[in-house]
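# Working through the structure, step by step
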Amino acid sequence: MENVSKSYKNGVNALKNISLSIDEGEFVYIIGPTGSGKSTLIKLLDGEEIPDEGTVEVAGCNVGRLKHKQVPIYRRNLGIVFQDYRLLPSLTVFENIAFAMECIGEDRMTIRKRVREVLELVSLEDKAKSFPRELSGGQQQRVTIGRAIANHPKVLIADEPTGNLDPEMSKEIMELLEKINEKEKTTIVMVTHDSTIVNNLKKRTIALEEVYIVADIKKGGYLKND
Amino acid sequence: MIKFFRSIPNHVKTAFQSLIRHGAMTFSSVSAVMITLTLLMVFILIAGNISNFTVSIEKSLRIHSTIDGSLNEEGIEELQRRVENLDHVVKVTFSSKDEELENYMSSMDEASKKLYETYEGDGNPLLNAFQIEVDAGENMEVVYQKLQNIEGIQDSDYGGDTANLIVKTMDGLRIGGGIFVAALGVLAVFLISNTIKSAIYSRKSEISIMRNVGATNGYIKFPFMIEGMFIGILGAILPILITCFGYRYLYETMNGIFLIPMFQLQTVEPFIWYVSLILLGTGMIVGVMGSFFAVNKYLKWKR
């Protein structure tokens, strides 16, 4: 990310002159109070928003320049985990994960094998035939993570994955994310405002405040607000 | 491209799945399509029959030409050939003067008939005549003018202004009916595509999720379009059944005519198939198009 600025039509400046580089295989937290531009950062990364200035480059692809119909194809490089899960309500857990793979035209056998693998990784083997509405928040979030990693993405973007969960479930999710980071060598960018997580599992931490980057701490730990 | 064809069965499966899993939505869309198509069906049946009536009314209009009494049989035959060779003439029927008299008398009451019976045989003052059928009402006058110039034809009569008026009215009815059905068709298209659009509206977040996990626009659209097609087909089933059984029943109870013999109903067999085909086609095409436009709209909702 280089010199990226973004403001919205309603006059809100979301990010100003941000430069940031994340290496392959890294695990990065992005922290900051509400309105500091965390979500905008994510939206710029996954191509939902276009930067006003500067360029966003992910896996060798200039994200801001993509056409509407190219965006989904670019997103195959990423796995995205949302705070509100965004599972397809009319599909079962198995189908939700399989859907991401069907989209890119994988054949049936590969899909079945990989979905089982993923379900095992997120420990939801017994829920394969359930619909999202029948699952708890933590379980739904694990499905989302499973869907995100099904296609072996280069980058996993997680937007407050623990936002709606209690501490115990959050811990589970974090362990899962770390496992994925180690096992699949996936770059993980995680947005959060949960200080306990950041302090317990120390990773590189980027702090945003008032549209600027205020700290980039390689060894991790939550920044005390002063 | 190979990937596209390989994914077709998958898309069809997805379409069926969401038809079932969004059961309430499917039901409401199908009923809307059904009602609209039933309406369309009723008007197609009416318009189709009215145009048939007008044709049969026009056909019943004939030119009546009397033949010069001095012509012998050979002369009459040659004259008939000449008239038959005229443009727009479909059929020429010879009617001898005896037949003419009988025809004339058939519309009289008993007392007058008795009076005229004395003319039967050699005393018949009428002339031999041709009944000339013309291909279309509007060509009546042209043929009439030509007949006037043919030697051997004493006099011709085709009802003049009255016939012209009937022809004009019939043309007006046909065109008006056509426009009406066309307008109703457009309305049906609009109604059906709107219903499908509002049904898909409830799934716009679903569409954006699909984009989030890397489904291309085409990949998202395809199952929706198949879904729309099936909604169209399902909605067309009932109107088609009503056409097939209802129209046959109607035709048989009315003996193929509407009130008076001049109003011939369309014969059942090819007619119901045409109507069914129109209904099925309208349902399918409109379903696909409605889905296509709706999904397109909601695809642009988020990047």
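For the structure, see preceding data.
Residues numbered from 1 in each chain as written. Chains lettered and ligands numbered in written order. Predicted model: local features only at pLDDT ≥ 70, side-chain atom pairs only at ≥ 80, totals over all residues. Heavy atoms only, no water.

Positionally, serine 198 of chain B belongs in helix α7 (residues 160-201). With 96 residues separating them along the chain, serine 198 of chain B and alanine 294 of chain B place their C-alpha atoms 8.1 Å apart. (Helix = DSSP H or I, 4+ residues; strand = E, 2+ residues; numbered from the N terminus.)

Glancing now at the layout of surface pockets. Estimated volume of the largest pocket: approximately 870 Å³. Considering the residues around the largest pocket, the lining is formed by 38 residues, among which Glu95, Ala98 and Glu102 of chain A together with Asn10 and Lys13 of chain B are closest to the centre. It is helix α1 (residues 2-21) of chain B that contributes the most residues to the lining of the largest pocket, twelve residues altogether. Grouping the amino acids of the lining of the largest pocket by side-chain chemistry returns 14 nonpolar, nine polar and 15 charged. Counted as a void, the second largest pocket has a volume near 390 Å³. (1 Å grid on protein atoms, 1.4 Å probe; cavity = no way out; pocket = protein on both sides within 12 Å on 5 of 7 lines; lining within 4 Å. Points joined across faces, edges and corners; volume = space filled by probe spheres on them. Nonpolar A, V, L, I, M, F, W, Y, C, P; charged D, E, K, R; others polar.)

What follows concerns the pattern of salt bridges. All names here are of chain A. For the structure on display, the rule yields nine salt bridges over all chains. Between glutamate 178 and lysine 203 there is a salt bridge, with its nearest N and O atoms 3.7 Å apart. Pair noted here: glutamate 178 is in helix α6 (residues 167-183) and lysine 203 is in the loop between α7 (195-200) and β10 (204-209), with a separation of 25 residues, a long-range link. Lysine 203 shares its class with glutamate 178; the two are buried. (Salt bridge = Lys/Arg side-chain N within 4 Å of Asp/Glu carboxyl O. Buried < 20%, exposed > 50% of the residue type's maximum accessible area, 1.4 Å probe, protein only.)

Residue and element names in this part refer to chain A. The buried count for strand β9 (residues 187-192) comes to six of six residues, which makes it a mostly enclosed element. Of the two faces of β9, both are covered, the one formed by Thr187, Val189 and Val191 as well as the one formed by Ile188, Met190 and Thr192. For strand β3 (residues 27-31) and β9, the ladder comprises five bridges, and the chain directions are parallel. Within the sheet, the bridge partner assigned to tyrosine 29 lies in β9 and is methionine 190. Taken together, the five bridges between strand β8 (residues 155-159) and β9 define a ladder with parallel strand orientation. By the bridge assignment for β9, leucine 156 is matched with isoleucine 188. Handedness of the crossover is the feature at issue here: the chain leaves β8, passes through α6, returns alongside β9, and the resulting connection is right-handed. (Pairing = 2+ DSSP bridges. Right-handed = clockwise from strand over helix to strand, strands pointing away.)

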